[in-house]
Amino acid sequence: MTTTATTAATAHRAAPAPVVSFQQINKSYGAVRAVADMNLELYPGETVALLGPNGAGKSSTLDLLLGLRTPDSGSLTLFGTTPQRAIEQGKVGAMLQSGGLMDGVKVRELVGLARDLHPRAYPLDRILETAGITDIADRMVGKLSGGQEQRVRFALATAGANDLIVLDEPTTGMDVSARQTFWGAMRRQADEGRTVLFATHYLEEADAIADRVIVLQRGRVLADGTSAEIKAKAGARRVTFDLDGTIDRDTLGALPFLTSLEVSGRTVRIQSQDADATVHAVYGLGLYPHNLEVAGLGLEQAFIALTTASDATATTAEEAAR
Amino acid sequence: MTTLIKLEIIRALRNKKFMFFSVIYPPALYLIIAGGADSTPIPGTKLDMGLYYMVSMAAFGAMTAVLLGNCEQIAKEREKGWVRQLRLTALPGRGYVSAKIAAAATVSLPSIVLVLIAGAAVKGVRLDAWQWAAIAVGTWLGSFVFAALGVAIGYLVSGDAVRPVSMLCYFALAFCGGLWMPLTILPQWVQNIAEWIPTHAYAALGTAVEAGGAPHMKDIAILLGYLLVFAAGAAWLYRKDTRKA
């Protein structure tokens, strides 16, 4: 089974009440189940990445969390109350992927509006500075580049003392250096003790910033833990070596703990859940591998391994049901 | 909330193209329609065509700017996701609707004043000072009703349907309220129904003043009623809007 590793949640069992709580949440659009029986709890101070392929239910999950949509069933609370109430109390700041900006106004005016609407707003200059938009404060909103727009959205999400910040694919449209700066701003939010939840499909982003990663697939939580735990769960080692003579694929395919096998020319690439045992078995076959390398799997490969494994399980289950 | 109202007004003033056409269109239309009108009184009233059309075109022009302007703008803002972003703030529904009405009122006031100036300067309409003031203020305040209706329609209908639906409402209201032609030439039963249409009450504010009296309480009550219904409906639709686009 590939469902929830609740390590992160377990570690917090003694911790204070959850910031976000999803209990058996369901949401369908017509025949599509966007979110299926989701149970999720976020705790104060966590930086959580919501990871998943397109259509995995990331945006739907965030929409439900923010009260932009209502679940079909289940109970959902933010700070022990409804999303709407929590937002009115100024506890939540959010930056939406689909969130447009008002046009016909200057950046400074728009941020001023966000301040006016926030019960616990920060001084204007501080917000502009945190988001790195002091230099574009007098530009018209409609004339910004994609990356600048994203920073303005971030400013709107951090205009006041929020306890939870929700960011949906925040670095889309940013170049590498802008992304680095943005991560810095995000980390500072987390360092100030805020709970940060962000959806992303950049795995390096999840790996570098989040202390907890939740992998979604088909509207369900596929894995939940630190990025190291997610990697371990996916069969986390990659073994590469060269062989002389003819290579017998079937023999290699029967190696223990093997999760994938790729042969190109003389080079063999293996993914294994227990690299030590696999390599030992290679020698046991009487083979002599050259240039042997054993490396950890990146989060990206781990992610692909996890989601494809789950897809295969789902397909098999569907076929069995027929 | 006051910042939003202020920003919406600033935006309306900065939108030069929209402002220009919204302000020029009503007096131009007035001069074309009332151009050949003579001073024979319209059947059933004491007003001639020049007077009648001055008020009804001021009303029609103001309604054009606020109703169509709001519908279009809101449809665009919903599509762009600005409204979603706004819903993640503590802004109450009434704040949003007030801001939209305020922005619309910024555009409708100059258009009304221009129609009245055209009436006085080109059509030789002569009224007492208090009548000019009462017509201008009444027509301006009355336009709030249609601004609120614009917000409601902008939320009720989405995407591509906004334009046809708003145009349909706009023409139906203009025609049935007698803004294009006096309803006194139509059968009595049509007139009885028309009395309850907001545009009819709207134009009646001005025509009552032109005839030398105060606006009828009934018309004021009808307009207030519609304003309340449209504004409350718009605020409710804004808060419950959960569509993505």
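No experiment lies behind these values; they were computed from the predicted model shown.

### Looking at the overall build of chain A
At step 1: Of regular secondary structure, chain A possesses twelve helices and 13 strands.
At step 2: Within chain A, the fraction of its 322 residues that count as buried is 42%.
At step 3: Partitioning the contacts of chain A with sequence separation of at least 6, the portion at a separation of at least 24 is 71%.

### What to know about the pairing of strand β10 (residues 237–242) of chain A
At step 1: When β10(A) meets strand β12 (residues 267–272) of chain A, the two strands line up antiparallel, connected through six bridges. From the neighbouring strand, Arg238(A) faces β12(A), where its bridge partner is Gln271(A).

### Some points on the interface of chain B and chain A
At step 1: Opposite the 19 residues of chain B that make contact, chain A presents 24 residues.
At step 2: Listed by contribution, the elements that provide at least two residues to the side of chain B that touches chain A are α1 (2–14) and α4 (82–86) of chain B.
At step 3: The greatest single-element share of the side of chain B that touches chain A, amounting to six residues, is contributed by α1(B).
At step 4: Its residues placed into classes, the side of chain B that touches chain A shows seven nonpolar, six polar and six charged.

### Topic: the sheet that holds strand β4 (residues 73–78) of chain A
Residue and element names in this part refer to chain A.
At step 1: Here three strands make up an open sheet; going across it, the order is β2-β1-β4 and the pairing antiparallel. Lying at the two open borders of the sheet, with one neighbouring strand each, are β2 (32–42) and β4. Sheet twist, expressed as the mean angle between neighbouring strand axes with direction ignored, is 25°.
At step 2: Two elements, strand β1 (residues 20–29) and β2, share seven bridges in a ladder whose sense is antiparallel. When the sheet's bridge partners are listed, Ile 25 is paired in β2 with Met 38.
At step 3: In the packing of helix α2 (residues 58–65) onto the sheet, contacts are made with β1, β2 and β4, and the angle to β2 comes to roughly 60°.

### A few points about α2(A)
One full turn of an α-helix is made of 3.6 residues, so residues set three or four places apart face in the same direction.
Residues and elements named next belong to chain A.
At step 1: Of all eight residues in α2, eight are buried; the element is thus mostly enclosed.
At step 2: Where α2 is concerned, the buried positions are Lys 58, Ser 59, Ser 60, Thr 61, Leu 62, Asp 63, Leu 64 and Leu 65.
At step 3: Immediately beyond the C-terminal end of α2, within one or two residues, lies Gly 67, with a positive phi of roughly 75°.

### Section: the pairing of β12(A)
Residues and elements named next belong to chain A.
At step 1: Taken together, the six bridges between strand β11 (residues 258–264) and β12 define a ladder with antiparallel strand orientation. Bridged to Ser 260 within β12 is Gln 271.
At step 2: Hairpin connection, β11 to β12: the antiparallel pair is bridged by two residues, and Gly 265 has positive phi, about 65°.

### Concerning the packing of helix α4 (residues 107–117) of chain A against α1(B)
At step 1: Relative to each other, α4(A) and α1(B) sit at 155°, their axes nearing to 8 Å. Relative to α1(B), the element α4(A) lies roughly antiparallel. When α4(A) is examined against α1(B), the residues Glu109(A), Gly112(A), Leu113(A) and Asp116(A) are found in contact with a partner set consisting of Thr3(B), Leu4(B) and Leu7(B).
At step 2: For the contact of α4(A) with α1(B), the class distribution of residues is three nonpolar, two polar and two charged.

### Observations concerning the environment of Gly233(B)
Residues and elements named next belong to chain B.
At step 1: Tracing the sequence through the fold places Gly 233 in helix α10 (residues 217–240).
At step 2: Residue classification places Gly 233 among the partly exposed positions, given that 18 C-beta atoms sit within 10 Å.
At step 3: As a C-alpha pair, Gly 233 and Ala 118 span 115 residues in sequence and 36 Å in three-dimensional space.

### Some remarks on the domain arrangement of chain A
At step 1: Assigned domains of chain A: these are domain 1 (7–231) and domain 2 (234–321).
At step 2: Placing a centre on the C-alpha atoms of domain 1 of chain A and another on those of domain 2 of chain A gives a separation of 37 Å.

### Comments concerning the sheet that holds β10(A)
Residue and element names in this part refer to chain A.
At step 1: The four strands lie next to each other as β11-β12-β10-β13, forming an open sheet whose pairing is antiparallel. Every interior strand has two partners, whereas the edge strands, β11 and β13 (290–296), have only one. Adjacent strand axes in the sheet meet at a mean angle of 15°, parallel and antiparallel pairs treated alike.
At step 2: Across the sheet, helix α11 (residues 275–284) touches β10, β11, β12 and β13, and the angle it forms with β10 is around 20°.

### Describing the packing of helix α3 (residues 49–80) of chain B against helix α6 (residues 129–156) of chain B
Residue and element names in this part refer to chain B.
At step 1: Across the interface, α3 lies against α6 with an axial gap of 8 Å and an inter-helix angle of 30°. Our classification of the angle between α3 and α6 gives roughly parallel. Both α3 and α6 take part in a crossing whose hand is right-handed. On α6, the residues touching Val 55, Ala 58, Ala 59, Ala 62, Met 63, Val 66, Leu 67, Gly 69, Asn 70, Cys 71, Ile 74 and Ala 75 of α3 are Ile 135, Thr 139, Gly 142, Ser 143, Phe 146, Ala 147, Leu 149, Gly 150, Val 151, Ile 153, Gly 154 and Tyr 155.
At step 2: When grouped by side-chain class, the residues that make up the contact of α3 with α6 number 17 nonpolar, seven polar and no charged.

### Observations regarding unusual backbone geometry
All names here are of chain A.
At step 1: You will see that Gln 24, though not glycine, has its phi angle at about 50°, which is positive.
At step 2: Despite not being glycine, Glu 169 shows a phi value in the positive range, around 45°.
At step 3: Within the fold, Glu 169 resides in the loop between β6 (164–168) and α7 (176–191).
At step 4: By the C-beta count within 10 Å, which is 21 here, Glu 169 ends up buried.

Calculation notes
- Residues numbered from 1 in each chain as written.
- Chains lettered and ligands numbered in written order.
- Predicted model: local features only at pLDDT ≥ 70, side-chain atom pairs only at ≥ 80, totals over all residues.
- Helix = DSSP H or I, 4+ residues; strand = E, 2+ residues; numbered from the N terminus.
- Buried ≥ 20, exposed ≤ 12 C-beta atoms within 10 Å, placed from the backbone.
- Contact = placed C-beta atoms within 7 Å.
- Pairing = 2+ DSSP bridges.
- Nonpolar A, V, L, I, M, F, W, Y, C, P; charged D, E, K, R; others polar.
- Axes fitted to C-alpha atoms, helices over the stretch in contact; angles between N-to-C directions.
- Parallel < 35°, antiparallel > 145°, perpendicular 65-115°, else oblique.
- Domains from an automatic or database assignment.
- Left-handed = near helix turned anticlockwise from the far one by under 90°.

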